Structure formats: C-alpha cells, structure tokens
Amino acid sequence: MRGRVEGDRLLPAAVPALRTARLYLYLARAGFRRQSQYKLAMFAGLFTNCVFGFVRAAVMMAAVRASNGFGGYDAGSIGAYVWLSQGLLGATQFMGPPLELVDRVKNGDIAIDFLRPVDVQFSYLATDLGRAACTILPRGVPSVLVGVFTFGLAMPGTPGPYLLGLVSVILAVALSFLCLFAVGLIGFWVVETRGIRVLYQICGTFLAGLFVPVHMFPAWLRTVAQATPFPSILQSPIDILSGRVIGMTAVTVVATQVFWVLVVGAIGRVLLAAGRRRLEVQGG
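Residues numbered from 1 in each chain as written. Predicted model: local features only at pLDDT ≥ 70, side-chain atom pairs only at ≥ 80, totals over all residues. Heavy atoms only, no water.

**Q** Tell me about the nonpolar core, and please be specific about residues and values.
**A** Ranked by size, the top nonpolar core spans 62 residues in total, and within it Ile 78, Ile 110, Phe 181 and Tyr 200 carry the most contacts. With 12 residues, the single largest contributor to this core is helix H7 (residues 160-185). Those residues in contact with Tyr 200, other than ones at most four positions away along the chain, are Phe 94, Ser 176, Cys 179, Leu 180, Val 183, Thr 205, Phe 230 and Ile 233. (Core = buried A, V, L, I, M, F, W, Y, C linked by side-chain atoms within 4.5 Å. Buried < 20%, exposed > 50% of the residue type's maximum accessible area, 1.4 Å probe, protein only. Helix = DSSP H or I, 4+ residues; strand = E, 2+ residues; numbered from the N terminus. Contact = heavy atoms within 4.5 Å.)

**Q** Explain the environment of Ile 202 to me, using residue names and the numbers behind them.
**A** Within the secondary structure, Ile 202 is located in helix H8 (residues 194-208). For Ile 202, a relative accessible area of 53% gives the class exposed. A C-alpha to C-alpha distance of 18 Å links Ile 202 and Ala 172, two positions 30 residues apart in sequence.

**Q** Help me get a handle on the side chain of Arg 131, residues and values and all.
**A** Mapped onto the elements, Arg 131 comes out in helix H6 (residues 120-151). Classification of Arg 131 as buried rests on a relative accessible area of 12%. Separated by 2.7 Å, the side chain of Arg 131 and the backbone oxygen of Ala 91 make a polar contact. Sequence-distant contacts of Arg 131, that is, excluding residues within four places in its chain, are made with Gly 31, Phe 32, Gln 35, Gly 90, Ala 91 and Gln 93. (Polar contact = N/O pair within 3.5 Å; in protein donor to acceptor, adjacent residues only side chain to side chain.)

Listed below in structure tokens is the structure:
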C-alpha cells in the first residue's frame, strides 16, 4: 500500500515532464518534416558538397603529400577530414541564424513566442535538431560515401568511435544552433544584424576548422581557436568519427562540447531575458 501511495504521488509530478518531452519531440518531428519538403534544395546541397569536396580533397592531399605529412595527417586521414566536414555542413549550418528568428526579433513578433506555454530557446532548438536530422540522411551520409568510394578514407573499423561520434554530432548541432540563436538575439539592440551574422560566418567557419584543420593552425592561432566554441562544432566530431582521438581523449573532447553547450546556452538565456525586458519597455 505504501508503495502504491508513493507511486500515486509521484505520477502527477511526472506527467508535466512527460508532456513537455512529448511537446519537444513533436517540435523536432515538425522540424524534420518541414526540412523534408525542400528535396530539391537538399539535392543541390549534396551536389555542392561533392563539388567542393573534390576541390578541397585534391588541394589538401597535395599539401599533405608535398610535406610528407602535416599536422599529423596523411592522405587517408586528411581525406576523412575533408569529406566528414562536407557531410556535416548541412547539419551544423554556419550560414547564420534562422531568418524566421531574425525577422521575429526585428519586427517584435517574438513577443508572441514569449506568450506561448513553451520555452523559446528550447522550442527553437528542438525544431533545429529535427531539421539537422533530416539533412544528415539525404545530404550528409551520401557526401561521406562519395569520399569513401573516390578517395579511400581512413575510418575506424570498430563501432565505438561511431557511437561516440553520434553523440558528438548531436552536441555539435546543438552548439551551432545555440551560437546562432545568441547572434540572432542581438537584434533586440541593433537595427540590422546582417554585418554581425556575416562576421560570425567568416570567423566561425575558419576557427571551426572548415578550411584547414585546427590542428594545422600555428600554435598561437590554435590557442585562440580552442578558446572559442567553434572547434567543438566541426573539428571535434570529425576527430572522433575519423578515429583521430580515441579512448579517454575522445571522452574529454565530448566533455568539452558539453561545456560549451552549457556556456553558450546560458549566454543565450541571459540575452533572451534581457531582450524580453527591452521589448516590454519599448512595447509598454
């Protein structure tokens, strides 16, 4: 009887949490379905990924072979870096915050989001995770397979790196969105955020290791990059999926990603709260 009473007491407390989890799952599914409507755009993205992948792979392999290994890379591992980065581009989206969020902040429609019975940051995050999941299947995986069949990538032969890599990719997508979300919220204080978004795109893609691996940076620049969240968006999942880092080193890399997710997420919540107060002051 005591166990039943305790269970009955716990059940009502668990119901709101279950409902909230189902709501965010629904938002993720909605993001997946919305992204799936853009089939032609995803095919164009896959084609672009492959074209630039061939160009990048040819240049990077020539550089590595000419230097007899550079930054700890050989032909196989640099190929894995190139094609994994191409495969993750669609999911991590460095191109700037969702225009829907930017426009809603700019014209004040985000006030409606504040009135909804769901957390603004988490709802946008759930929707973006669904979008990212949709891009991985038709765009990310085929891009990597193209690299496997054409360049012979050096990839792990055990399932461990791929399982931990999946966790790393999810964290990378979440971190990328949280960074973009924070950038989008700057619109509460400035009239036009386009210049800030372009600056973020340029600096972010470079420091994340999109053009060349972070491991190839000069020591001082590598230190600068590692002091930012950007390597955790791209370089970290690539290192884990390609087997460059294994064991406790790989776990440490994932822990670093978790750290940045928490830090950037907290910054976004502070900006969101401050922006809400500013919106209330201006709107009355």
